[in-house]
Amino acid sequence: MKYLAFAAGVLTATSAFAETPELTVYTYDSFVSDWGPGPAVKAAFEAECACTLNFVGAGDGAALLARIKLEGARTEADVVLGLDTNLTAAAKETGLFATHSVEADYTLPVEWADDTFAPYDWGYFAFVHNADEAAPTNFKALGASDKKIVIQDPRSSTPGLGLLMWVKAAYGDEAGAVWAELADNVVTVTPGWSEAYGLFLEGEADMVLSYTTSPAYHLIAEEDATKAAVTFDEGHYLQVEVAGKLKGSDQQELADQFLQFMVSDAFQTIIPTTNWMYPAVTPAGGLPEGFETLISPDKALLIPADKADALRDVALPEWQNALSK
Amino acid sequence: MAERAFQISHRLGISAAVFIAALILSALVAVAMRAEGEFTMTPGDWAALRFTIWQAILSAFFSCLFAIPVARALARRRFVGRSLLITLLGAPFILPVIVAVLGLLAIFGRSGLLNDALRAFGFETVSVYGLLGVVLAHVFFNLPLATRLMLQGWRSVPAERFRLIAQLGMPPRMVFRLIEWPLILRIVPGAFALVFVICLTSFAVALTLGGGPRATTIELAIYQAFRFDFDLGRAAVLSLLQIVVAGGAAVLALWLIPQVSFGGGLDRMQARWDVRRGFQRGIDAGFIGAAALFLILPLAAITLSGLRGLGDVPLHVWGTAWTSLWVALVSVLALLVLALPLAGWIATTRCASVETVGLLGLAASPLMIGTGWFIIIFPFADPADWALGVTIVVNALMALPFALRILVPVMRETVQSYSRLTQALGVQGVRLWMWILLPRLRPQIGFAAGLTGALSVGDLGVIALFADPDRATLPLQMYRLMGSYRSEAAAGAALILLVLAFGLFWILDAWGRRHAIAE
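This report concerns the structure included in the present document. (Residues numbered from 1 in each chain as written. Chains lettered and ligands numbered in written order. Predicted model: local features only at pLDDT ≥ 70, side-chain atom pairs only at ≥ 80, totals over all residues.)

1. Topic: the overall build of chain A
Helices and strands together make up the secondary structure of chain A, namely 13 helices and 12 strands. What you see for chain A is a C-alpha radius of gyration of 21 Å, in line with the 20 Å of a compact globule of 325 residues. Taking the intrachain contacts of chain A between residues at least 6 apart in sequence as the baseline, contacts between residues at least 24 apart amount to 79%. (Helix = DSSP H or I, 4+ residues; strand = E, 2+ residues; numbered from the N terminus. Rg over C-alpha atoms; globule rule 2.2 N^0.38 Å. Contact = placed C-beta atoms within 7 Å.)

2. Section: the pairing of strand E3 (residues 79–84) of chain A
All names here are of chain A. Counting buried positions along E3 yields six of six residues, so the element is predominantly enclosed. Summarising the sheet, strand E1 (residues 22–27) and E3 pair through three bridges and their orientation is parallel. Across the sheet, Tyr26 pairs through a bridge with Val80, a residue of E3. Here E3 pairs with strand E10 (residues 236–246) via five bridges, running antiparallel. Pairing of Leu83 across the sheet is with Val242, part of E10. (Buried ≥ 20, exposed ≤ 12 C-beta atoms within 10 Å, placed from the backbone. Pairing = 2+ DSSP bridges.)

3. Some details on helix H17 (residues 429–458) of chain B
All names here are of chain B. For H17, spanning 30 residues, the distance from its first C-alpha to its last is only 36 Å, which falls clearly below the expected 44 Å at 1.5 Å a residue. Of all the bends found along H17, the most pronounced is centred on Arg442 and spans about 65 degrees, while Pro443, a proline, follows it within four residues. Where burial is concerned, most of H17 is hidden: 22 out of the 30 residues are buried. (Expected span 1.5 Å × (residues − 1). Bend = angle between axes of the 7 residues up to and from the residue.)

4. Observations concerning the nonpolar core
In this structure, Val208 of chain A together with Val197, Ala339, Leu407 and Ala493 of chain B are the most contacted members of the largest nonpolar core, which totals 280 residues. The biggest single contributor to this core is helix H16 (residues 383–425) of chain B, with 19 residues. Not counting chain neighbours up to four residues away, the residues in contact with Leu407 of chain B comprise Ala339, Ala343, Leu441, Gln444 and Ala448 of chain B. (Core = buried A, V, L, I, M, F, W, Y, C linked by C-beta atoms within 7 Å.)

5. Here's the deal with the interface of chain B and chain A
Taken together, the contact between chain B and chain A spans 42 residues of the former and 41 residues of the latter. Counting only elements with at least two residues in the side of chain B that touches chain A, the list comes to helix H4 (97–108), helix H9 (204–210), helix H10 (218–227), helix H15 (366–377) and helix H19 (474–483) of chain B. With five residues, H10 of chain B is the single largest residue contributor to the side of chain B that touches chain A. Each residue belonging to the side of chain B that touches chain A can be placed in one class, and the counts come to 25 nonpolar, 10 polar and seven charged. (Nonpolar A, V, L, I, M, F, W, Y, C, P; charged D, E, K, R; others polar.)

6. Concerning the packing of helix H1 (residues 10–33) of chain B against helix H13 (residues 315–348) of chain B
Residue and element names in this part refer to chain B. Look at H1 against H13: their axes get within 7 Å of each other, and the N-to-C directions meet at 120 degrees. In terms of orientation, H1 and H13 fall into the oblique class. Between H1 and H13 lies a crossing whose hand is left-handed. Residues His10, Leu12, Gly13, Ile14, Ala16, Ala17 and Ile20 of H1 form the contact with H13, whose participating residues are Leu338, Pro341, Leu342, Gly344 and Trp345. When the residues that make up the contact of H1 with H13 are grouped by side-chain class, the tally is nine nonpolar, three polar and no charged. (Axes fitted to C-alpha atoms, helices over the stretch in contact; angles between N-to-C directions. Parallel < 35°, antiparallel > 145°, perpendicular 65-115°, else oblique. Left-handed = near helix turned anticlockwise from the far one by under 90°.)

7. What to know about unusual backbone geometry
Of note in this structure, Ala50 of chain A is not a glycine but carries a positive phi near 55 degrees. Turning to its location among the elements, Ala50 of chain A is positioned in the loop between helix H3 (38–49) and strand E2 (52–57).

8. Quick word on the environment of Leu325 of chain B
Residue and element names in this part refer to chain B. Turning to its location among the elements, Leu325 is positioned in helix H13. Considering only alpha carbons, one finds Leu325 and Ala454, 129 residues apart in sequence, at a separation of 9.2 Å. Look past the residues within four positions of Leu325 in its chain and what remains in contact with it is Val457 and Leu500.

Written out as structure tokens, the structure is:
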């Protein structure tokens, strides 16, 4: 069938414009799951584009980039959605991505001036705990306390890498010493976010590394107000999730249309209660009820994409040494 | 044993071995070909290698050590629920890693039953995180498997031997020396090698319960190389290293297996007149009770939290159970096609170490196999179309070493006991399989098929690398639920998965054990 379809495609290439165009978007797995933003986004975009939108899910953000690198210029993808600022420099290096034409009034806590990748949502990393317990308000106090935390491995998980960058951005050369203080608070390090959050919910730790928006899920979807994020006075590290268009795409205009749609209200209103992150452009109707209860850090930390790689190579051995003792 | 005393054709077995080696090596070569730049082992890699090997040795040692008395006790006793307990032994093994870990932590974790009890009685609490936790979890996964393998060894002793022992009035000590010790020597090296290789490729268990980056395994380094660094050369070298260590251990262990045979019998039920005294009963009851508690408590915790979340499981997740089921059934078929001829070859060749080829599938990192085949398939076709096919082949490859370990000893025993008779009667080819081998191997085939089916239902496999939203399996859906805060629904999905995998295992295993000639 595959070959037949291919042969038919070659033979009828000249009449292809008459058919419904297809846009293929590679994204991470949880985006396309039935309770993620994927299904609603597909319906909303197809209602206005006269096209078919196909999502292809591939693991997490890092797996997504690995997949694009594996496929190279021959990739089927027209758009890649779901990289974050720790990955964008490596993604640009592949030379596979084209500049975008998205225009929007972002409501990000930082200036956005990337001409290759456009943001669609963002969130602060934060420790989540049970709201009725007292919590330390910075990394040093956490290190001095007897609170138990569970974190993710920066070598296999995006939030884990986020925490590594958070400590590095806040403490610079002192980061190693801060980690040494934290070592006895760390119950364990998990391969991914799910395992860590699962352990926290089972009562294995007092706090877990997650997002400031995590309590919103419990509040809105489960009507459970017992979880809260803790404000740290060093500031909070930012995760900005972005999308970009591939140079090799045969649907350049449609890809541009999708990226512009991505920052429109139709897309942005879907994000808060499916991806549980802040929309990159706050929709006209504002944020869903419940989001106003979340903490809003005074200071956003973000290491520029072009410096993230080099800094990671310094921070990773510091982390590993401190926690291996 | 005379060369080719038994007319099992080696051609099919050798073809299967070549096919397996080609599948795995092609993936390795595909990854290596795409690599750029040179690779050198860092001190961190060596530390990871040391930790990986050390925890695997400890895990295999303790799994086998505890399996011996438990299997011995189960072999000597008949009691109500024995059959169910033996079937339950298959359960931990088939659980998705994170589910099993949460189950274990419900008992041994910081706020688990054990620590609650310790606190209630005013004792210091214990922390399970560290090497202890890693070994504990690996023993939880593998003790049951090792027990089943050894139990099978006990079953292979003809009932007439025990009758003779009873008539001679031998004390348990002598029985141990004359029968059980040679038996243990024959089974333990293979079981040890198998558990060692399983633990060698451990990643999520080792890291999650290891308590920090001390517990870095080679598999994690491979994952990092693929995902975060996209350093394919490094991934290929580390994968090769893992295969070499696993292969080396397997060759050594299989070479150590002595050729012991207890001869043929009339396939009567084993009756044990020799162990009816109170003291022996007490020992056996103690080991069976401890093993049962160790198994059942975490499973009960998983079941309880699963029942609470069952109502939250979205309807279409139930639908993916169907996909998982038929993938599992096709995987079982694929496994039998590979394993039976291969076992026939191994059982009749002089060089038992060829069984190592079966271990390749388990020793190779699934991520490496998946990525390698992705590279191979991508230029010709859409890998998503191949996702389920690749999953089936990988499932069969992963299950192959278990199947071989289950099939080969009994196959060898059959060969030794029946070779003269079948030769004299000129039975060979298809008839040899239909009349002699398959009927005698029925319990083993059922067990191996059950294990493969259950593993295939529970394994995330390579589907995560290939799949698109329409081709999800149940474990993938469970991870997706977990990854989006829906931990209760995920627990419910895990329970569905457990019931499905366990049900499949139970049906196939019971099919093998029922009407079996040599129960």
